Amino acid sequence: MSSIIQLLPDHVANQIAAGEVVQRPASVVKELLENAVDAKATDIKLIIKDAGKALVQVIDNGQGMNVTDARLCFERHATSKIRKAEDLFSLHTKGFRGEALASIAAIAHVEMKTKQDQEELGTQIIIEGSKFVSQEVAVLPKGTSFAVKNLFFNIPARRNFLKSDTVEYRHIIDEFQRVALAHPNIYFTFFHNGSEMFNLPPSSIRQRIVAVFSGKTNEKLVPVQEETEIVTIQGFACKPEFAKKSRGEQFFFVNDRFIKSGYLHHAIMAAYDGLLKDGAQPSYFLYLTVPPNTIDINIHPTKTEIKFDDEHALYAILRASVKHSLGQFNVAPVLDFDRDSNLDTPYSYKDLEGATPTIQVDSTFNPFSDDKVNKHYSGGSSSNYRKPEPTANWESLYVGLKQEVDFISGTTDFSFESEEVTGSLFNEEDVEKTVNTAYQIHKKYIVSPIKSGMVIVDQQRAHQRVLYEQFLTNMTVHQASSQQLLFPLDLFFSANEMELIEDLKLSLVNTGFVFEKTSPDHVVISGIPVNVTESEVSLVLEQLLSDLQDGIPDSSFSQNDTIAKSMAKSLAVKTGTSLTIKEQENLVNGLFACKDPNVSPFQKPTFITMRVEDLDKKFAL
């Protein structure tokens, strides 16, 4: 019987590996940027076209490669980062597997230019789908330039699964920010379709955070600093009042490598316990330095998950250091009662000793003496106090009062109402007694009787359906009405959030928002939809941006649908809210006036009906 197991050709193996390493254009950006950092570059440029689908180019001024290395770097498991297996426990570089460039070259057109400082000429190599097209000598500056074009050109299925340009571009920004924040000592520039998006000169960690995000970020930051034998922590946490609904600005860096850790995130949330509203997420930028032999990075292809030797100790240290910083900078409440500063001892009296007071006693003083003039008890001198003359009887105070009253009012006979006036503007028989037709149960459900029995409505889902259809009608059928603000709102957002708002601006205007001014890091809103309060504007926009993180459909109707769902979810009455009888009736009537009252915008039932027959069966013996 013939053997059935065969070795795969190199180009097929590379394409399989590419499925793990390169998931989207942002994966290429991450790998190339990390290679540039490992090459000890001090100036790195990232150039993107069409959200990375047409071009991803990274230019650095690092060490460069000679002719042999330039050809060998595209082979699988070829790397300069490690030599033996023990090196995995003392990693000081970003990459170490040697798979990235081989995987990228297998699914794209790659042009590499590289030159070392001591060499006169450099090397230019062109590869298309793992096939070497050309290798030439060229005059080049020091460093390396990787240009990756036409990603997934030979895997059309993968290319079709890519999201819209807006979503892919946002993922690229996320990867760029992670590398830029991890290395504030490197000069980063980022260009997209010919426009400069970021220009980040070398700076401190705080300056880099403010440069990457908006200038408003500076006032949010609270320094965190702790040094122990297990870990050294530095960075910043944000004040609780600036917490957001989304988890966007949360960064852990371990040995200058961005990681994701739900366990460490829980430690941060524990430090903020009691300071945040429900559902709010704090922002933080924390840099952890641990011995390389105490962590394992090689557990996931993206290298964003790490195993620690002593996670419990790290959890406790991280929680304590963040909590200490919040208390140290008067962000967290402390058990210190307000004291009156007037009770503090003045500095001029601080070191003085108190003198014993002198007391003088008048031995001749007699308080029961009939003498008009007594000796003063303290000084012995005559007192100016005179005993008042005795007044007449107290009844004399009211002599003549009756005549004055008669003169003023003309009578002294007064009558007071001893009972409430019970008259009514309407006759009792004309007043129709109102019957409560809706009842609220546990501040969650509304029960309303119908002919066949009763209907039980989920108030939150019902309100979501009502608001959803209102917003969708406003956006697609006619212009929504908006209320003008007396004082315009100034809201700050990060660069990628501003890109998203620019794309959604037309749809938001149709819902009732009025944008007075838009700048790279903030918007000025002078009008809001009628059913949105001023305090809810920032929450609604944050929730909208959070809901759109996973992708915005290309068609405008679908985009409007997404916005309407998000705003309905934000503004709907929440479970646990007490409603008046009128509000309950309006909500029930509004629900059954909708086109599709049976389900919420998220396809969950809004009400159930219970017939009298069903109730009779429950009571049947």
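Residues numbered from 1 in each chain as written. Predicted model: local features only at pLDDT ≥ 70, side-chain atom pairs only at ≥ 80, totals over all residues. Heavy atoms only, no water.

Colleague: I would appreciate a short explanation of the packing of aromatic side chains in the present structure.
Modeller: When we look at a pair of aromatic rings, we describe it by the centre distance and by the angle of the planes. Here the structure, examined in full by the defined rule, presents 17 aromatic pairs. On the numbers, 6.3 Å between centres and 85° between planes, the contact of Phe74 with Phe132 is edge-to-face. Taken as a pair, Phe74 in the loop between helix 3 (67-72) and helix 4 (100-106) and Phe132 in strand 5 (residues 131-138) lie far apart in primary sequence, 58 residues in all. One aromatic cluster in this structure is built from Phe213, Phe251, Phe253, Phe258, Phe285 and Tyr287. (Phe/Tyr/Trp six-rings, centres within 6.5 Å; stacked < 30°, edge-to-face > 60°. Helix = DSSP H or I, 4+ residues; strand = E, 2+ residues; numbered from the N terminus.)

Colleague: Honestly, the pattern of salt bridges in this entry has me stumped. Any pointers?
Modeller: Side chains that differ in sign of charge can pair as their charged atoms come close. One pass over the full model with this rule turns up 11 salt bridges. For Glu168, the salt bridge goes to Arg24, with nearest N and O atoms at 3.0 Å. With a gap of 144 residues between them, Glu168 in helix 6 (residues 165-182) and Arg24 in the loop between helix 1 (10-21) and helix 2 (25-38) connect regions that are remote in the sequence. For Glu168, a relative accessible area of 1% gives the class buried. We classify Arg24 as partly exposed; its relative accessible area is 22%. Note that Asp174 is salt-bridged to Arg170, the shortest N-O span being 3.3 Å. Residue Asp174 and its partner Arg170 are located together in helix 6, separated by 4 residues, close to a single helical turn. With respect to class, Asp174 is no different from Arg170; both count as buried. Each of Glu111, Lys113 and Lys149 takes part in a single network of salt bridges with overlapping partners. (Salt bridge = Lys/Arg side-chain N within 4 Å of Asp/Glu carboxyl O. Buried < 20%, exposed > 50% of the residue type's maximum accessible area, 1.4 Å probe, protein only.)

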